Amino acid sequence: MNPPRNLAAPGSDSPTQRSAAPHPRLTHHRTIGFAYLALSATALLAGLLLSLVMRLHLAWPDWRLPLHGPVLPEEYLGAVTLHGTLMLFFVLTVAPLWGFGNLILPAQIGSRRTAFPRFNAAAFALTALALLTLLASPFVPGGTAISGWTSYPPMSAIAASGPGQALGMDVWLLSIALFALASCIAAVNMLTTILCLRCDGMVWHRLPLTVWGWFTAALLSLPAFAVLLAALLLLFCDRHLQTGFFLPATLVVNGVLIRTTTDGSPLLWLHLFWFFGHPEVYIAILPGIGLTSMVLANFARRRVFAYRLMIAVTLLIGLLGILVWGHHMFVAGLSPFAGSAFAISTMAIALPASAEVLSWLATIWGSRPRLTSAMLFALGFVSLFVAGGLTGPILAQPILDQYLHNTFFVVAHFHLIMAMAGVFGLFLATYYWFPLLADRTLNETLGRTHFFATLVGAYATFLPMHLTGLAGEPRHYAQFTGIAGPAGTLLASTMPLQRIITFAAIFLAAAQLPFLLNLCITLRSPFPSASNPWDATTMEWAPEAPSTASVPLIVHRGPSEYSLDGQNCYPQWQPLTQPEQPE
Amino acid sequence: MPTVFTPPQLDPRHHTERPGDRSGDPGEGDHGSGRRPPTDKRTGGSGDGDNWNDRPVGARGPRERLVQSRIGLASALAGDLMFFIALISAFFVTKANGHFTAHGDWVHEWMPTSIPRILLLNTAVLLFSSVTAEIARRSMFRVHDAMDEWIGLGKPTSRRAALWLSLTLTLGIVFLVGQWIAWQQLAAQHVFFRSNPSSHFFYLITVTHALHLFLGLTALIAALTALRTSRVFASRQIWVDTTVWYWHAMGALWIFLFVLLEFFQ
Amino acid sequence: MPQAPTLAHRLWHLPLDASLHGPALDQHLLLNLWIVLALLALAHVLVFIGLAKRRTRTPPRRQRTIEYLPIATLALLFTVLAARAETLWQAARYTGADPSALQVEVTGMQFVWYFRYPGPDAIFGAVKPELIAPGEGNPLGRDPTDDSGRDDFISSQLVLPAARQVDLRLRAQDVIHGFSVPDMRLKQNAVPGQTIHIHFTPTAPGDYAILCTQLCGSGHYRMAATLRVLSQSDFDAWVARHRMPAMGATP
Ligand code: HEA
Ligand code: HEA
Ligand code: CUA
Ligand SMILES: [Cu+2]
């Protein structure tokens, strides 16, 4: 039996406890981390099934969903709304930030606990409640909300504006409010943990970039989710207390005249929402960016290229991330002058992102890395991040967005960079940290199969969406057939590509089977993994003698230090005794 | 204990094989000879070479936990501040809005809500409650009393703090009742939440602030309970300290909101 | 006549381009797309070479050539692209329409578009939300007491003369709608409570799709209309034909 690692329990626990199991104490961060992962896996499964229903319906509008019948337009929109909400909030915020953040972050900074375990547990409970609430929404009268994950008013403010906008919308509001509250609490815990509980020697410039990613994401979540909460509160008042913060003085919806006392504006919601929404998408990707840097360096067996610059760049992305929200509003009624200003800030944010890419390229350049599954997924992350990121600057030019806004080009942009790169980040984390999480190493053959199939599936699904978008195909369309006139011709012209996309999406979903198989096989395997199978250098891999679980951890050096030939690794916990090559 | 914030000194160099390396110390404040005294020892004076800042993280005395809760509180409050900033920006946006009628007249629905005079009184009460809270907080950190209490010579400090905290609690309740009266007065003038944009915001802001204060009252009650029941003096200090800082923050926030409602409508 | 689609248009699946500002926009869009494609390819080539190379004795370390120089190049590239885009954007949006432009009011509601022409007096009559009654033939709530509205007429198709600038005023009655004409490279949301102006010049006669591009309810996907661009003489004839019933309907 190999020694348990310091991920395990604090000193008070039985020293022989293996790192693998979730900790018995409910408020322990490892228990919570696993619980978050389970939660997001549930959400992911639901979101995945919904996306397949959406794809099948788009390609074959007459297709009948088994046990249900034909998919009605409002059901399609409900599916899109649920899919986006589940994926963005409950998968890509929860899993990288709160799931792996709880499992790995404390160990990576040399701490055996988080700052406020009970608040941490409370945040998880609220998140779970939020998910349950959201999953209940299809079953309320009228069905789930249909106004998309962005819930623009007046649609979201007026129950008469569509099916699902009554009770379904209230349930959505409640769910997201709970989620926002939970995220604020979890962010406070994570920030304080990083600020206060780094072990000795873990100074700021020795923190792995993963920690910087988590730190920046947590830093962004506080203001972002706080503003979202305020916006949700105002929207709630508009819905139930006859205010009109987001409504003009008079509206006629469905033949009914609605007067409000307030001269509000829907644009106010757009501003508040995107002030949250844009940081939110960076929250989703920053942990993945950090992890990719670290894993590339690990397998390249050298330092992260321009490590300190990457710290600055991560923070810069976070900072600029709160200044670019208007790029979602170029043609939404924003003043054209403001459009120009937001175009500039958005173009600016492409530069730190490019700096990250350059550092990745330089880190692996001529390093002959071991192409393990984890490394492959890191490379896949790079590929998808570039592919999805490069369309960002196109969308950031207002005049081009005037053509591309709300087309499938945007859908392609964010599925490549967020959905696919983000999910690759999750796979990367799973393959890389599996020895720590389950004391087993995932099967490499299945891992590689999974990687190549998923990569091909990802590109096959989302590259053609650029083309349908360029052809003018809008988002949120329940079908593209059966419409009269030139509009019908234009929409129907995309149908061949639609079918290809749907086939590819099915392939992409099926490509996850090797992964599931791998999980099942590996978890049953009797062979524990080696204690540090990747020769990793960061603190979560530090071995810990069983009898000295209370010995303080000390960090002696920066992350990813290897000898020049890559033969020796110098983990952060190893004292500076033997002579080493200069860096 | 002074209230200045001293981050644990993290010098990358001082770990390398220091003579008398204390890194074998148990992690959680327990020193072998009982608990750490509630005051900090950060000088390594008296020639004992025992500067607590040289100890490993997690074993640097009670201040460490205190700082941690303060940082947690500060970041939570930063988030909270953003919440109010969002509300306030909505306030200014809405205030500036208007619309044209069918006849081309510019209509501006905003009718400033006249602030009931009692709010001035409430503000004074809240300010005063911050003073009593601060007295309670300081008394928890007066070195000699704290040492007495830590040694076990009764609970003079906690008892004194409990007294001042109770006073704060009372004043807090008075403030909330005062707010309630203000809402009643407005209602008597037929100014309700639904009346006009300005009154929406008046109620929205005062009610969300009152909710925060209600949370503060709960924290005060929790702190009072902790003063009675918690056996670790450092924990009692932390309860009082964070509660009082929260209370101060809500007081400051109120001043800010009050100025906004009074002068910027 | 709309130009025949170029090869690039077909490769990228771009629809026809029939507005005055369209070709410049397309050119810029295609430039962007090619650059992005090239960068994407370059990045992948660099990854593959980097992986295939034998292990170098020393890792790359010259931050200036590897980070700052490419970043500066990319910054320059993005600046040039942004500047070009900005000139186009300013031309399209910073100034209002020509005073001689044809005025049309576009109103979106779940799930139709109405197009109102001001008639010979070039003044739109007042509308009142409380008068809106689509069932009674008054979908926009025209105020019968307002004289300037007498000669207004409403169409369900947007009919425009070729080669004349139009000034659209976009309004929405219920929720936000997105007014979009892909063939004119045009898109702007219609926001309730606001009137948003947007102007353009169609060049080639023909029928074009008008789509709603802002999620507005369960019928969002079928909120389509047709833009019919006619020659000036055909347009005049259409106006003459169309005004008759509108005149008759006024009390
Ligand atoms: C993280 C985000 C995420 C992810 C992963 C996906 C995944 C997919 N999405 Fe989704 N999508 C969104 C976020 C995401 N989407 C958002 C925000 C919207 C906008 C909603 C709105 O407008 O309101 C949207 C909208 C959207 C549309 C547009 C609908 C419309 O506007 O009409 C379409 C259409 O094809 C679509 C399809 C798909 C498909 C086929 C997948 C497939 O890729 C699904 C295949 C899934 C996988 C390959 C993942 C498998 C992963 C695992 C098994 C992970 C294992 C777990 C751990 C390691 C923890 N999505
Ligand atoms: C993880 C999520 C994520 C990330 C990281 C990004 C990153 C970026 N996004 Fe994206 N975006 C979304 C998620 C994300 N986006 C979502 C969900 C939406 C839709 C929301 C909705 O409406 O529902 C959206 C929509 C969106 C829009 C609005 C489109 C519209 O609605 O009309 C815009 C416009 O500017 C934009 C821009 C950008 C830019 C400039 C970046 C930049 O940060 C990208 C930076 C990256 C690069 C620039 C690549 C770097 C690589 C190179 C430069 C290659 C270098 C080459 C060599 C070395 C050879 N995004
Ligand atoms: Cu109207 Cu979508
Ligand atoms: Cu954005």
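Here, every reference points to the structure presented above.
Reference entry: report on the structure contained in this document. Owing to the predicted nature of the structure, the values given are computational and were not obtained by experimental measurement.

What to know about the overall build of chain A
Link 1 in the chain: For chain A, the count of helices and strands is 16 helices and 6 strands.
Link 2 in the chain: Here the C-alpha radius of gyration of chain A, 24 Å, is about what a compact globule of 583 residues would show, namely 25 Å.
Link 3 in the chain: Overall, chain A is about 80 × 50 × 45 Å in size when its C-alpha atoms are taken along their principal axes.
Link 4 in the chain: Looking at chain A as a whole, 72% of its 583 residues are labelled buried.
Link 5 in the chain: Relative to all contacts within chain A whose residues are 6 or more apart in sequence, the contacts with residues 24 or more apart total 77%.
Link 6 in the chain: Summing over all exposed atoms, chain A offers an accessible surface of approximately 17,400 Å²; the carbon and sulfur share of this is 72%.

Points about the sheet that holds strand E1 (residues 102–109) of chain C
Residue and element names in this part refer to chain C.
Link 1 in the chain: The 5 strands lie next to each other as E3-E2-E1-E5-E8, forming an open sheet whose pairing is mixed. In this open sheet, the two edge strands, each paired with only one partner strand, are strand E3 (153–155) and strand E8 (196–200). Looking at each pair of strands side by side, their axes are set apart by 30° on average, direction ignored.
Link 2 in the chain: The pairing of E1 with strand E2 (residues 112–117) spans 5 bridges and is antiparallel. Counted as the bridge partner of Glu-105 is Arg-116 from E2.

A short note on the interface of chain A and chain C
Link 1 in the chain: The partner chain C presents 87 residues to the 91 residues of chain A that form the contact.
Link 2 in the chain: Regarding the contact of chain A and chain C, the summed buried area is about 7,700 Å², with carbon and sulfur atoms giving 70% of it.
Link 3 in the chain: Connecting chain A to chain C are 1 salt bridge.
Link 4 in the chain: One can count 25 residue pairs in polar contact (both at pLDDT 80 or more) joining chain A with chain C.
Link 5 in the chain: For the side of chain A that touches chain C, the element with the highest residue contribution is helix H9 (residues 336–364) of chain A, accounting for 13 residues.
Link 6 in the chain: Of the residues belonging to the side of chain A that touches chain C, the class tally is 62 nonpolar, 21 polar and 8 charged.

Comments concerning the coordination of the iron atom of ligand 1
Residues and elements named next belong to chain A.
Link 1 in the chain: Coordination of the iron atom of ligand 1 by the protein is provided by His-83 (NE2) and His-415 (NE2), with metal-donor distances spanning 2.0 Å.
Link 2 in the chain: The site at the iron atom of ligand 1 holds 6 donor atoms, and with the angles between them running 88 to 178°, its shape is octahedral. Placement of His-83 in helix H2 (residues 73–91) and of His-415 in helix H12 (residues 408–438) is noted, with a sequence separation of 332 residues between them. Of the two residues examined, His-83 and His-415, each falls in the buried class.

Description of the coordination of the copper ion (ligand 4)
All names here are of chain A.
Link 1 in the chain: With distances of 1.8 to 2.1 Å, the protein atoms coordinating the copper ion (ligand 4) are His-278 (ND1), His-327 (NE2) and His-328 (NE2).
Link 2 in the chain: Taken in sequence order, the residues that donate to the copper ion (ligand 4) follow the motif H-x48-H-H.
Link 3 in the chain: Here the copper ion (ligand 4) and the iron atom of ligand 2 are spaced 4.5 Å apart. Of the two residues, His-278 is situated in helix H7 (residues 266–300) and His-327 in the loop between helix H8 (307–321) and H9; the sequence distance between them amounts to 49 residues.
Link 4 in the chain: By relative accessible area, which is 5% here, His-278 ends up buried.

What about the packing of H7 of chain A against H8 of chain A?
Residue and element names in this part refer to chain A.
Link 1 in the chain: At a closest axis distance of 9 Å, the pairing of H7 and H8 adopts a crossing angle of 160°. Judged on the interaxial angle alone, H8 and H7 are roughly antiparallel. Between H7, through His-278, Pro-279, Tyr-282 and Leu-286, and H8, the contact on the second element is made entirely by Thr-314, Ile-317 and Gly-321.
Link 2 in the chain: Of the residues belonging to the contact of H7 with H8, the class tally is 4 nonpolar, 3 polar and no charged.

Some points on a nonpolar patch on the surface
All names here are of chain B.
Link 1 in the chain: Judged by side-chain polarity, Phe-92, Leu-127, Ile-255, Val-259, Phe-263 and Phe-264 come together as a nonpolar surface patch covering roughly 550 Å² of accessible area.
Link 2 in the chain: Per-element tally for the nonpolar patch: the top contributor is helix H6 (residues 233–263), with 3 residues.
Link 3 in the chain: If you trace the backbone, Phe-264 turns up in the segment after H6.

Observations concerning the site of ligand 1
Residue and element names in this part refer to chain A.
Link 1 in the chain: In the neighbourhood of ligand 1, 32 residues make up the surrounding shell, with Tyr-76, His-83, Trp-149, His-415 and His-476 lying closest.
Link 2 in the chain: Measuring from an oxygen atom of ligand 1, one finds a side-chain N or O atom of Arg-55 at 2.8 Å.
Link 3 in the chain: Here His-476 contributes a side-chain N or O atom positioned 2.6 Å from an oxygen atom of ligand 1.
Link 4 in the chain: For the shell around ligand 1, the elements supplying multiple residues, two or more each, are helix H1 (29–59), H2, H12, helix H13 (444–470) and helix H15 (495–510).
Link 5 in the chain: No other element matches H12, which puts 10 residues into the shell around ligand 1.
Link 6 in the chain: Its residues assigned to classes, the shell around ligand 1 comprises 22 nonpolar, 8 polar and 2 charged.

What to know about the pattern of salt bridges
Link 1 in the chain: This structure, assessed with the given rule, holds 18 salt bridges over all chains.
Link 2 in the chain: With its nearest N and O atoms 3.3 Å apart, the salt bridge here joins Glu-130 of chain C to Arg-259 of chain A. In this pair, Glu-130 of chain C is assigned in the loop between E2 and E3 and Arg-259 of chain A in strand E4 (residues 256–259), connecting two distinct chains.
Link 3 in the chain: Glu-130 of chain C gets classed as partly exposed once you look at its relative accessible area, which sits at 42%.
Link 4 in the chain: Since its relative accessible area comes to 54%, Arg-259 of chain A is described here as exposed.
Link 5 in the chain: In this structure, the salt-bridge partner of Arg-171 of chain C is Glu-105 of chain C, at a minimum N-O distance of 3.2 Å. Taken as a pair, Arg-171 of chain C in strand E5 (residues 166–172) and Glu-105 of chain C in strand E1 lie far apart in primary sequence, 66 residues in all.

Reading the values: rules and limits
- Residues numbered from 1 in each chain as written.
- Chains lettered and ligands numbered in written order.
- Predicted model: local features only at pLDDT ≥ 70, side-chain atom pairs only at ≥ 80, totals over all residues.
- Heavy atoms only, no water.
- Helix = DSSP H or I, 4+ residues; strand = E, 2+ residues; numbered from the N terminus.
- Rg over C-alpha atoms; globule rule 2.2 N^0.38 Å.
- Buried < 20%, exposed > 50% of the residue type's maximum accessible area, 1.4 Å probe, protein only.
- Contact = heavy atoms within 4.5 Å.
- Areas by Shrake-Rupley, 256 points an atom, 1.4 Å probe, with all protein chains shown as cover.
- Pairing = 2+ DSSP bridges.
- Axes fitted to C-alpha atoms, helices over the stretch in contact; angles between N-to-C directions.
- Buried area = accessible area lost by both parts, 1.4 Å probe.
- Salt bridge = Lys/Arg side-chain N within 4 Å of Asp/Glu carboxyl O.
- Polar contact = N/O pair within 3.5 Å; in protein donor to acceptor, adjacent residues only side chain to side chain.
- Nonpolar A, V, L, I, M, F, W, Y, C, P; charged D, E, K, R; others polar.
- Donors = N, O, S within 2.8 Å, 3.2 Å for Na, K, Ca; no water.
- Tetrahedral: all angles 85-135°; square planar, octahedral: opposite > 155°, others 65-115°.
- Parallel < 35°, antiparallel > 145°, perpendicular 65-115°, else oblique.
- Patch = residues over 30% accessible without salt bridge, like charges linked within 9 Å, V, L, I, M, F, W, Y side chains within 5 Å.
- Near = heavy atom within 4 Å.

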